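Spelled out from the first residue to the last, the chains are:
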Amino acid sequence: MRKTLIAVSAMMVLVPFLAQAGGPSKAVAAKAISNAAARIKIAEGMNDQWLATLAAFKAAKAAEAKGDFALAQSKAMTAETLANLSIQQATVQKKLWVNEVVK
Amino acid sequence: MKSIIMALMGASLALFGPLASARAAAPINPQADLKAFQGYFLKRFPNVPLAAYVNGPYNFSKSEADQWKQIMEFPPYQFALDTGKSLFNAKFPNGKDYASCFPNGGIGIAQNYPMFDAKTGRVVTLGIAVNRCRVANGLKKLKLTTGPMADILAYMTSTSDGKKINVVVPNNPKALAAYQAGKEYFYSRRGQLNFSCASCHVQEAGMHLRGNVLAPALGMTASFPLYRSKWGNMGTLVRRFIGCNKKVHSAPAKPDSAAYRDLAYFLTYMDNGLPVSGPGARP
Amino acid sequence: MNLRASLFSLSLLAGLSAVGVSQAATPAQIAAGQEIAETTTLGNCDACHMFTGATEAGNVGPALKDVKSMVPNRKEFYAIIYDEEARNPQTVMPAFGKNHILSPEQINDVIDFMYTK
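All figures in this text were calculated on a predicted structure; none of them were measured in a lab.

A. Expanded view of helix α5 (residues 126-136) of chain B. Counting buried residues along α5 of chain B, eight of its eleven residues qualify, which places the element largely inside the surrounding structure. Buried residues in α5 of chain B make contact with β2 (122-124), α6 (148-158) and α10 (258-269) of chain B.

B. Spotlight on the side chain of D262 of chain B. All names here are of chain B. Counting through the fold element by element, D262 comes out in helix α10. The buried charged residue D262 lacks any salt bridge, with R261 as its nearest oppositely charged partner at 6.8 Å. With near-sequence residues (within four places) excluded, D262 lies in contact with V123, A178, A181 and G182.

C. Spotlight on the environment of L85 of chain A. Examined against the element boundaries, L85 of chain A turns out to sit in helix α4 (residues 69-96). For the pair formed by L85 of chain A and I42 of chain A, sequence separation is 43 residues and the distance between their alpha carbons is 12 Å.

D. Structural detail: the nonpolar core. Residues and elements named next belong to chain B. Core analysis: the largest hydrophobic core is formed by 69 residues, its most contacted members being F37, F41, F186, Y187 and Y265. Listed by contribution, the elements that provide at least two residues to this core are α2 (30-44), β2, α5, α6, α7 (173-187), α8 (197-203), α9 (237-247) and α10. Ranked by residues supplied to this core, first place goes to α10 with eight residues. If you count residues domain by domain, this core takes at least three from each of domain 1 (28-75 + 171-282) and domain 2 (78-158). Aside from chain neighbours lying at most four places away, what touches F41 is Y53, H201, V202, A205, P216, A217 and L218.

E. Local environment of the sheet that holds strand β5 (residues 226-228) of chain B. Residues and elements named next belong to chain B. Spatial ordering of the open sheet is given by β6-β5-β7, a layout of three strands whose pairing is mixed. Strands with a single pairing partner mark the edges of an open sheet, and in this sheet they are β6 (233-235) and β7 (280-282). Direction aside, neighbouring strands of the sheet carry axes that sit 35 degrees apart on average. With three bridges connecting them, β5 and β6 associate as antiparallel partners.

F. Representation of the packing of α9 of chain B against α10 of chain B within the structure. Residues and elements named next belong to chain B. With their axes 11 Å apart at the nearest point, α9 and α10 run at an angle of 105 degrees to one another. Relative to α10, the element α9 lies roughly perpendicular. Here L237, V238, F241, I242 and N245 of α9 lie close against α10, whose contacting residues are Y260, L263, A264 and L267. Across the contact of α9 with α10, the residue classes break down as eight nonpolar, one polar and no charged.

G. Focus on the confidence of the model for chain C. Residues and elements named next belong to chain C. Residue-level pLDDT values for chain C average 85, and 80% of them are 70 or greater. Mean pLDDT in chain C bottoms out at helix α1 (residues 2-18), which sits at 45, and peaks at helix α5 (residues 104-114), which reaches 97. Note on residues 1-20: pLDDT under 50 across the span, and 37 contacts to partners over four residues away in sequence or across chains. For this predicted complex, the interface score ipTM comes out at 0.83, alongside a pTM of 0.86.

H. Summary view of the pattern of salt bridges. One pass over the structure, following the stated rule, counts eleven salt bridges over all chains. Between R210 of chain B and D46 of chain C there is a salt bridge; the shortest N-O distance is 2.9 Å. With R210 of chain B in the loop between β3 (208-209) and β4 (212-213) and D46 of chain C in the loop between α2 (27-38) and α3 (67-70), this pair bridges two chains. Both residues of the pair, R210 of chain B and D46 of chain C, count as buried.

I. Structural view of unusual backbone geometry. The residue after F224 of chain B, namely P225 of chain B, is reached through a cis peptide bond having omega 0 degrees. That bond from G278 of chain B to P279 of chain B is cis: its omega, -5 degrees, falls within 30 degrees of zero. Examined against the element boundaries, P279 of chain B turns out to sit in the loop between α10 and β7. Its identity as a non-glycine residue notwithstanding, H249 of chain B has a phi of 60 degrees, on the positive side. For H249 of chain B, the location among the structural elements is in the loop between α9 and α10. Owing to a relative accessible area of 18%, H249 of chain B belongs among the buried residues under this scheme. The phi torsion at E56 of chain C lies on the positive side, around 55 degrees, for a residue other than glycine. Structurally, E56 of chain C can be placed in the loop between α2 and α3. Residue class for E56 of chain C comes out exposed when judged on its relative accessible area of 57%.

The rules behind each value
- Residues numbered from 1 in each chain as written.
- Chains lettered and ligands numbered in written order.
- Predicted model: local features only at pLDDT ≥ 70, side-chain atom pairs only at ≥ 80, totals over all residues.
- Heavy atoms only, no water.
- Buried < 20%, exposed > 50% of the residue type's maximum accessible area, 1.4 Å probe, protein only.
- Helix = DSSP H or I, 4+ residues; strand = E, 2+ residues; numbered from the N terminus.
- Contact = heavy atoms within 4.5 Å.
- Lys, Arg positive; Asp, Glu negative; His and termini not counted.
- Salt bridge = Lys/Arg side-chain N within 4 Å of Asp/Glu carboxyl O.
- Core = buried A, V, L, I, M, F, W, Y, C linked by side-chain atoms within 4.5 Å.
- Domains from an automatic or database assignment.
- Pairing = 2+ DSSP bridges.
- Axes fitted to C-alpha atoms, helices over the stretch in contact; angles between N-to-C directions.
- Parallel < 35°, antiparallel > 145°, perpendicular 65-115°, else oblique.
- Nonpolar A, V, L, I, M, F, W, Y, C, P; charged D, E, K, R; others polar.
- pLDDT = per-residue confidence, 0-100.

Written out as structure tokens, the structure reads:
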């Protein structure tokens, strides 16, 4: 989980530089979308999916369908970032929720 | 730049994770929870007697309470109640009816729901029980949020008017686990806005969110289904769960999901001893 | 904890420098801030906070009056809007920056607007 987070964070820094060379291909966009889909599935399993995550993912799929792979990739990355944030939230809440219980 | 911020935030959280306080494995004790929960509100709002919590926001806003009194001269749920009674009493194509599916013919039993079903190991809300009855008699399930289901529940609930809510959590590992899952759902922050149910309905109960009073969690389930002016029609408890989830920018669960069943189980158990007062009316 | 705190402030600095915070806010920035503060899908500040000019404001959070003396330090103000939970775990204030509800520019616009209150 932590390794993945760091890897994802590193990717988020690197990818924009890589993408500047000629724009992302169909395969790159598809990969970004499948990465996002995997994180979205995990967030759903943790009962913590954000509406903004689903909206960004929907926009990514729509852009992909139109052939706008740059937009598809960037929306998919937004969806993945948001899904990761909700996964982090759900993960810390597994421990922290007890602090909110009335005593 | 945004990516860098996010990367830093991601890394910092990842590092911080192991330092967060570990959860102590406390035994699951619904009775003790109930005592603490009701005690918390009674102590915090000493002028509101226990049974009055079924009136939700009206204990905290004179203007809303005055409007309510006016509205109740012609209760906005009356039409739903009448429709619900007809629907409830209508025979199914196979000659049977809803009454055949429930103890006491479905009359005066709403206070016992949600109920743990030992056979399936799951929590069954009254709405889900109505749908089970339909399926057992060859009919399609009804939508759990509004429409005919809300009407039927309005009628069934009205026949329990004033009876004390009496949800049972049997000493069965699956029942206790469902109760605990509902409790965890209630207290866990979620959504992009990072609110738990308790953030608004425990911590900030009685305060104003815009012009609306945040109703205390205690007593909340007692008036469902209810007519909400904002909706312009009837809605069930699960409809309200969906609305609350969306408000905190969280994707709602499915109406018949384990998450919502367990949440309803926990929340209604906390209302044990309060009088059923549904159907209700809210702003 | 120290590491987290320092990373946190680093990211805050990044947020501040990203938009090149200037001393005096322009009327356009203040107007943008007001719109963000009063839009339910953005800042939605008035849902919880009373401030002059807000209609049907809530009282979940403190009233925002004479904000310059409430939060004189702009960086601290930014941190409150960015992720108040990091400073106060009990807060119900959403983490507008951390959770990508508002961009750094939008947070700065809101600060500019609130400093007129």
